[in-house]
Amino acid sequence: MTWREKLTRGVVIPAHPLALTAERKLDERRQRALTRYYIDAGAGGIAVGVHTTQFAIRNAGLLRPVLELAASQSAPGDFIRIAGVCGPTSQAVKEAGLAASLNYHAALLSLSAFANATIAETLAHARAVSQILPLFGFYLQPAVGGRVLPFEFWREFCEIPNVVAIKIAPFNRYQTVDVLRAVAASGRASEIALYTGNDDHIVLDLLHPDFAGGLLGHWAVWTSKAVETLDAIHSHRSGPSDWFVLADQVTDANAAFFDVAHNFHGCIAGIHEVLRRQGLLEGRWCLDPNEDLSPGQLAEIDRVYAAYPHLNDDSFVGENLQRWLS
């Protein structure tokens, strides 16, 4: 199976975190261990250099080494490698070129730098990057740097020949439907894979026939269970009522990890905290010393751990951790 066929079929793609030492330097050993974890958990790919990896890696000179570390790990030939690409066109094209040189398959295109640009300017930017790597479009919610993008934008975006997928993550059902409509109207529904990034609607999106899989920071933790969930959805092993219950449980866990109560301030630290508990990270440090859990967030993570023990994959991590760290 080619990576494109696998992408279209639908897989779990975790957004890759950044492993740091207590001195806030790159912890290469644990960075490699995280990638090995996702591969062994059955993920179909990884997204590196994205929000969960921390955009500040670019200012810290870590973009290349982090991309290189992920690309260097042994994985199946069809394991999908997605590189986050951001900034103005000159920067984005350069980042896409770096990713292409490291054998990444597609660019997850952040449009945060185009918050005040016209639709025509934004589309021209996307077309320029698409000349370097296939595009994984990204509808990012405004709360974390995205912008509202109308149906008209997505309809034209779908006409870019090298668009292979779209991550839909506006956390808004109306805006989600705009993308679904645009893909259908483009006549390219069989060519453009739709991936959920709606953290408040993960399971229910996956139950929708138009969604193939997910590319999520939430899936940076408890990954093997996410793979089981997507496989079960694809094979329809359970009845509708089971999935609605599970959907609410996953959403509740996500609210704790991503710090919904404080407008997502502690979302990366929340992911790091779960990985720290499992031993995959030594601490939950971020590049910015002020970026940490919000008040009460630790108790919320404790709560969802206790409430939904069937969602975590601690035992799987425990069985393999030392091998991944070796």
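Preceding this paragraph is the structure being described.
Being a predicted model, the structure only gives us computed values, none of them experimental.

Student: I'm lost on the overall build of the protein in this one. Help?
Tutor: A tally of regular secondary structure across the protein gives 13 helices and eight strands. For a compact globule of 326 residues, the expected C-alpha radius of gyration is about 20 Å, and the protein comes in at 18 Å, within 12% of that figure. The C-alpha extent of the protein, read off along each of the three principal axes, is 50 × 45 × 40 Å. Each of the 326 residues in the protein was classed as buried or not, and the buried ones make up 58%. Taking the intrachain contacts of the protein between residues at least 6 apart in sequence as the baseline, contacts between residues at least 24 apart amount to 75%. For the protein, the accessible area works out to roughly 12,800 Å², and carbon and sulfur atoms hold 52% of it.

Student: I tried to follow the environment of V50 on my own but got confused; where do I start?
Tutor: For V50, the position within the fold is in the loop between β2 (45-48) and α3 (63-72). In this structure the C-alpha to C-alpha distance between V50 and T118, which are 68 residues apart in sequence, comes to 24 Å. Those residues within four positions of V50 in sequence are excluded, and the remaining contacts are A15, H16, F55, G84 and L108.

Student: Got a minute to help me understand the environment of L280 in this structure?
Tutor: By the element assignment, L280 lies in the loop between α11 (267-278) and α12 (297-307). Overall, the relative accessible area of 0% leaves L280 in the buried class. For the pair L280 and Q322, spaced 42 residues apart in sequence, the C-alpha to C-alpha distance is 9.5 Å. Excluding residues within four positions of it along the chain, L280 makes contact with R30, A33, L34, Y37, L275, V317, L321 and W324.

Student: Sorry if this is basic, but what is going on with helix α13 (residues 314-325) here?
Tutor: Since the α-helix turns once every 3.6 residues, residues separated by three or four places project in the same direction. Its 12 residues give α13 an end-to-end C-alpha distance of 16 Å, which sits within 8% of 16 Å, the value for a rise of 1.5 Å per residue. Among the residues of α13, F316, V317, N320, L321, W324 and L325 are the ones counted as buried. Buried residues in α13, looked at end-on, bunch into an arc of 150°, giving them a common side. Seen from the open side of α13, the exposed residues pointing more than 90 degrees away from its buried face are S315, G318, E319 and Q322. Buried residues along α13 sit against α2 (28-40), α9 (223-235) and α11.

Student: Whenever I open this one, the side chain of S294 confuses me. Can you help?
Tutor: Looking at the secondary structure, you find S294 in the loop between α11 and α12. Look at S294 and you get buried, because its relative accessible area is 7%. Setting aside its immediate chain neighbours within four residues, S294 contacts D259, H262, H265 and G266.

Student: Help me understand the nonpolar core, please; the structure alone is not making it clear to me.
Tutor: Nonpolar side chains in soluble globular proteins tend to be buried together. Among the nonpolar cores identified, the biggest contains 99 residues, and Y37, W154, F157, I166, F257, L275 and L280 are the most heavily contacted of them. Among the elements that make up this core, the one with the highest residue count is helix α10 (residues 240-257) (seven residues). When near neighbours in sequence (up to four residues on either side) are disregarded, I166 contacts F136, G137, W154, F157, C158, V179, V183, I192, A193, L194 and Y195. Judged by nonpolar contacts, the second largest core, of 21 residues, contains I82, V164, A165 and A169.

Student: Mind showing me how you'd approach the packing of aromatic side chains here?
Tutor: For any two aromatic rings, the description comes down to two numbers: the centre-to-centre distance and the angle of the planes. Per the counting criterion, the structure on display carries 12 aromatic pairs. For the pair Y139 and W154, a centre-to-centre distance of 5.3 Å together with 40° between the ring planes defines the contact as tilted. A residue pair is termed long-range when its members are at least 10 positions apart, and Y139 in strand β5 (residues 135-140) and W154 in helix α6 (residues 151-157) qualify at 15 residues. Residue Y139 is classed as buried on the basis of its relative accessible area, which comes to 0%. On the basis of relative accessible area, W154 is assigned to the buried category, the value being 0%. Judged by centre distance (5.6 Å) and plane angle (65°), the ring pair of F171 and F264 falls under edge-to-face.

Here is what the cut-offs are and how they apply
Residues numbered from 1 in each chain as written. Predicted model: local features only at pLDDT ≥ 70, side-chain atom pairs only at ≥ 80, totals over all residues. Heavy atoms only, no water. Helix = DSSP H or I, 4+ residues; strand = E, 2+ residues; numbered from the N terminus. Rg over C-alpha atoms; globule rule 2.2 N^0.38 Å. Buried < 20%, exposed > 50% of the residue type's maximum accessible area, 1.4 Å probe, protein only. Contact = heavy atoms within 4.5 Å. Areas by Shrake-Rupley, 256 points an atom, 1.4 Å probe, with all protein chains shown as cover. Expected span 1.5 Å × (residues − 1). Arc of directions from axis to C-beta. Core = buried A, V, L, I, M, F, W, Y, C linked by side-chain atoms within 4.5 Å. Phe/Tyr/Trp six-rings, centres within 6.5 Å; stacked < 30°, edge-to-face > 60°.

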